[in-house]
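# Close look at the chain arrangement
Each chain, letter by letter, is given below.
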Amino acid sequence: MRAALAQASLTRHRGRTILAVLGVAVAAAMLLDMVMLATGMRESFRELLLSRGFEIRLAPKGTLPFDTDATIPGVSAIIATLRTNPDVREISPVLGASIHVLAGNRDVSGSVLGIDPSVQGDYELLSGQDVAASNFIVGNDHLLNQLGAHIGDTLSVAIGYDPQTRTYSGQRKLILTGRVKFIYGANDQSSAAVRRETLEAMGGQNHDRASLFMIRVRKGADAERVRDWIEKQLPNVTAISIATAIKQVDERLSYFRQLALILGAVSLFVGFLLVTTLVTVSVNERAGEIAVMRAIGVSRSHVVEQIVIEGVAISLAGAVLGLALGLVTARYLNTILSAFPGLPMAIDFFLFQPRAAWSALGLLIASGIGAGVYPAWRAASLPIAESLRREAIA
Amino acid sequence: MSADVATRGNLVSADRETAIVSLRDVRRDYALGAERVHALQGVTLDVERGDYVAIVGPSGCGKSTLLNLIGVIDQPTSGTVAIAGKRVDAMSDREATQFRLRNIGFVFQRFYLLPILSALENVALPMAEAKVAKGARLQRAAELLKYVGLGNRERHRPSELSGGEQQRVAIARALANGPMLLLADEPTGELDAKTGTEIISLFQQLNTDGTTIVVVTHDEDLASAARRKVHMRDGRVVES
């Protein structure tokens, strides 16, 4: 009966109720987007790191992967040391460098990774063939488009450009065998991959060096323990586990997250105020009606319940609508922000997580209850005789 | 059947002469800004079970205040109010609400039906609060609407009813839980003469069927229809 009364009260002023629901929906959409933004980058980064199953990364001491041009010497010795730990399953050394690629009269600069194709975790092959031989190269769409190159073309690839002598430390003809997508690469970056020995051979000073090691641990093994062991065994590297990397990302993004949380809190407060205003106006209009209900024996708690149901119904309807609206706006905003230069393609700013949606929904319903309780309790606590007298005079 | 419908559930005492309403030296003061208004100044009054009492007097003499105290929607500053032998002047809000729900029916000058509910739902509302099963309460609501002559208006909203019809629905609602006492505050105040006469007849019928009625009115016709008139002036009963 109370739910039916609440529904009837809301439909009495249909236009006003619809406007309030729309207002709450906008606030809910904003809240959801901010909750998604607050956790999205972190979760997206985590998923990105985990996507290829490498739990640990080794970078030159005191650096982050590809933060500098520094490299780690003694790849063979490091691999031998790592192999002594039974929890280490796979090791993927990666050497990075800048390249110039010449095709016809075009010269495109970009980056190249020297990898071992059997254990690499940096790209996915979209078409063609992987770098099975030392004279093969694969590239991303951006590079291929810049060059106007196709699979099967021969490219002139140079590394180690010296601006003073205007010469390269190494230059070689390579066959473009595949089209790939780099997992950690940006949309606007020309990237390629060759076998690590190819890149070492071109680089001269890069022999037996790597910019990064990616390590898969045995299933069930404690990655943090392996990381600690590596740091003890290899003092010239920084070992970064997923947890460490996320912690570092968290630190770097903390201001961003705080901003999102503040804006989310503001949205929630706006939604709360909207519902409180509507419920208060509605309750004031019905002061006489409420007094009569109390006079004929309707309990105070039942009056409060009915009015709270009204507040919750507005919040719930607004929240459901707002969640849909929030997802649409998040997708749109994500497209804009993901186009920011230098960001990995796989990074999402707004990552939908059911937990975020439930949190937003829960907060809105709680605010709906809060918004209804005070005006409801105030109205239900007014002296009945006095309210009826005022109503009669009015 | 009509009489059953109106009085069902009444807590009729074995001793029909027992006063159903008993007020002793009741005072009610209000704060009006810095001043204190003495709305009732020592009222003592008994209403017998089955009686039909009209409280009359000039505006501001304390009639409605007296009715509110009998109806347990207000509490006296001093004195005692007992209904069917039970002290109601110092009840908690919860006790008073339950007491009103089970024992008292209210009819107001402005009807005060819930505009969002149909006539049938308005009448059924107090029964829903009293936890009467849905089927039973709708059946009794329909019977009560028939009793007040609105058997064919069950589904109509208050806005689709005339003033007289709305007041009949309000009377049916007041009878919903079979109250021992029906209180009416200017029930004909918003009605034209013809409709007012119909309501007066309905009150007489209700009283004949066993309902105890206390009505506050300026309407001479309504007052004359009562078995007893209580005259008030300046917060006192001057003639009973």
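Residues numbered from 1 in each chain as written. Chains lettered and ligands numbered in written order. Predicted model: local features only at pLDDT ≥ 70, side-chain atom pairs only at ≥ 80, totals over all residues.

### Quick notes on the overall build of chain B
This is how it is decided: Helix and strand labels come from DSSP, where a helix needs a run of H or I of at least four residues and a strand needs a run of E of at least two; each type is numbered from the N terminus. Field definition: a residue is buried when 20 or more other C-beta atoms are found within 10 Å of its C-beta, exposed when 12 or fewer are, and partly exposed for counts in between, with C-beta atoms placed from the backbone.
The helix and strand tally for chain B stands at eight helices and 10 strands. Per-residue burial for chain B yields a buried fraction of 52% across its 240 residues.

### Some remarks on the overall build of chain A
Stated formally: Here the contact rule is simple: place C-beta atoms from the backbone, and any two residues whose C-beta atoms are within 7 Å are in contact.
Counting secondary structure elements, chain A contains 11 helices and 12 strands. Per-residue burial over chain A gives 43% buried out of 394 residues. In chain A, once contacts between residues fewer than 6 apart in sequence are set aside, the share between residues at least 24 apart is 83%.

### With respect to the interface of chain B and chain A
Accessible area lost when the parts come together is the quantity often used to give the size of an interface. Contacts between the two partners involve 20 residues from chain B and, on the opposite side, 17 residues from chain A. Listed by contribution, the elements that provide at least two residues to the side of chain B that touches chain A are α3 (93-103) and α4 (119-129) of chain B.

### Overview of the sheet that holds strand β2 (residues 35-48) of chain B
Residue and element names in this part refer to chain B. For clarity, the cut-off: The rule for pairing is simple: two strands pair if DSSP sees at least two bridges between them.
One open sheet holds the four strands; their spatial order is β2-β1-β4-β5, and the pairing between them is antiparallel. The open sheet terminates on both sides in strands that have one partner only, identified here as β2 and β5 (86-87). By the bridge criterion, two bridges tie strand β4 (residues 78-83) to β5 in an arrangement that is antiparallel. Across the sheet, residue Ala82 finds its bridge partner in β5, namely Arg87.

### Considerations on the sheet that holds strand β9 (residues 228-233) of chain B
Within a beta sheet, neighbouring strands are joined by backbone hydrogen bonds and run either parallel or antiparallel to one another. All names here are of chain B. For clarity, the cut-off: For helices, the fitted axis covers only the stretch in contact; all axes are lines through C-alpha atoms, and the angles between them, taken along N-to-C directions, range from 0 to 180 degrees.
A sheet is described by the order of its strands in space; here six strands give the open sequence β6-β7-β8-β3-β9-β10, paired in mixed fashion. Of all strands in the sheet, those with a lone pairing partner are β6 (104-107) and β10 (236-239), marking the two edges. Strand-to-strand twist across the sheet, computed as the mean angle between neighbouring axes with direction ignored, equals 25°. For β6 and strand β7 (residues 181-185), the ladder comprises four bridges, and the chain directions are parallel. Each residue of the ladder has a partner; that of Val107, found in β7, is Ala184. Against the sheet, helix α2 (residues 63-70) touches β3 (52-56), β7, β8 (212-216) and β9, its axis set at about 150° to β8. This element, helix α6 (residues 163-174), spans β6 and β7 of the sheet and lies at about 170° to β6.

### Quick notes on helix α10 (residues 354-381) of chain A
All names here are of chain A. Selection criterion: An expected span of 1.5 Å times one less than the residue number is assigned to each helix.
Helix length check: α10 (28 residues) gives 40 Å between terminal C-alpha atoms against 40 Å at 1.5 Å per residue, within 8%. Among the residues making up α10, those that are buried are Ala356, Ala360, Leu363, Leu364, Ser367, Gly368, Ala371, Gly372, Pro375, Ala376, Ala379 and Ala380. Along its buried surface, α10 packs onto α2 (14-50), α7 (242-285), α8 (287-295) and α9 (300-338).

### Details of α2 of chain A
Since one α-helical turn is 3.6 residues long, residues separated by three or four positions face the same way. Note the threshold: What we call the bend at a residue is the angle made by axes fitted to the seven residues finishing there and the seven residues starting there.
Between its terminal C-alpha atoms α2 of chain A stretches 50 Å, which fits the 54 Å expected from 37 residues at 1.5 Å a residue. Approximately 45° is the largest bend angle found in α2 of chain A, and it occurs at Gly40 of chain A.

### Focus: the confidence of the model for chain A
Any segment with low pLDDT has predicted coordinates that should not be analysed in fine detail. Rules: For every residue, the predictor states its confidence as a pLDDT score lying anywhere from 0 to 100.
Residues of chain A with pLDDT of at least 70 account for 97%, and the chain-wide mean is 85. The least confident element of chain A is helix α1 (residues 2-12) of chain A, whose mean pLDDT is 76; the most confident is strand β6 (residues 136-140) of chain A, at 94.

### Considering the environment of Ile18 of chain A
One can find Ile18 of chain A in helix α2. For the pair Ile18 of chain A and Gly318 of chain A, spaced 300 residues apart in the sequence, the C-alpha separation amounts to 9.1 Å.

### Here we look at the packing of α4 of chain B against α6 of chain B
All names here are of chain B. Cut-off, in case you're wondering: For classification purposes, an angle smaller than 35 degrees is called roughly parallel, one larger than 145 roughly antiparallel, one from 65 to 115 roughly perpendicular, and anything else oblique. Should the near helix be turned counterclockwise from the far one by less than a right angle, the crossing is left-handed, whereas a clockwise turn marks it as right-handed. Note on residue classes: Ala, Val, Leu, Ile, Met, Phe, Trp, Tyr, Cys and Pro are nonpolar, Asp, Glu, Lys and Arg are charged, and everything else, Gly too, is polar.
Contact geometry of α4 with α6 gives a least axis separation of 8 Å together with a crossing angle of 25°. With respect to α6, the element α4 is oriented roughly parallel. Note that α4 runs across α6; the crossing there is right-handed. Here Ala119, Asn122, Val123, Leu125 and Pro126 of α4 lie close against α6, whose contacting residues are Val169, Ala172 and Arg173. In terms of residue class, the contact of α4 with α6 is made up of six nonpolar, one polar and one charged.

### What about the nonpolar core?
Going by this rule: Only buried Ala, Val, Leu, Ile, Met, Phe, Trp, Tyr and Cys residues enter a nonpolar core, and they are joined through C-beta atoms within 7 Å.
Val24, Ala28 and Leu31 of chain A together with Ile55, Val123 and Val214 of chain B are the most contacted members of the largest nonpolar core, which totals 139 residues. Among the elements that make up this core, the one with the highest residue count is α2 of chain A (18 residues). Beyond its immediate sequence surroundings of up to four residues, Ile55 of chain B is in contact with Lys63, Leu66, Leu67, Val214, Val216, Val230 and Met232 of chain B. Membership of the second largest hydrophobic core comes to 52 residues, among which are Leu95, Ala149, Met202 and Phe213 of chain A.

### What to know about the confidence of the model for chain B
Mean pLDDT over chain B works out to 87, with 92% of the residues at or above the 70 mark. Interface confidence in the predicted complex, given as ipTM, is 0.86; pTM for the same model is 0.68.

### A word on the environment of Gln205 of chain B
Locating Gln205 of chain B in the fold gives a position in helix α7 (residues 193-208). The exposure class assigned to Gln205 of chain B is partly exposed, which follows from the 16 C-beta atoms found within 10 Å.

### Brief notes about the pairing of strand β3 (residues 88-103) of chain A
Along any regular strand the residues' side chains alternate between the sheet's two faces. Residues and elements named next belong to chain A. When β3 meets strand β11 (residues 212-217), the two strands line up antiparallel, connected through six bridges. Of the residues in β11, the one forming a bridge with Pro93 is Phe213. Direction of pairing for β3 relative to strand β4 (residues 106-115): antiparallel, over a ladder of nine bridges. Counterpart to His100 in the pairing with β4 is Ser109. As consecutive antiparallel partners, β3 and β4 are separated by two residues, and within that stretch Gly104 has a phi angle of approximately 60°, a positive value. Bridge count for β3 against strand β7 (residues 154-162) is four bridges, and the pairing is antiparallel. Bridging from a neighbouring strand, Val101 pairs with Val157 of β7.

### Side note on the pairing of β8 of chain B
Residue and element names in this part refer to chain B. Counting buried residues along β8, five of its five residues qualify, which places the element largely inside the surrounding structure. Side chains Thr212, Val214 and Val216 of β8 all project onto a buried face; the interleaved residues Ile213 and Val215 project onto the opposite face, where all are buried too. Note: β3 against β8, four bridges, orientation parallel. From the neighbouring strand, Tyr52 faces β8, where its bridge partner is Ile213. Alignment of β7 against β8, held across five bridges, turns out to be parallel. By the bridge assignment for β8, Ala184 is matched with Val215.

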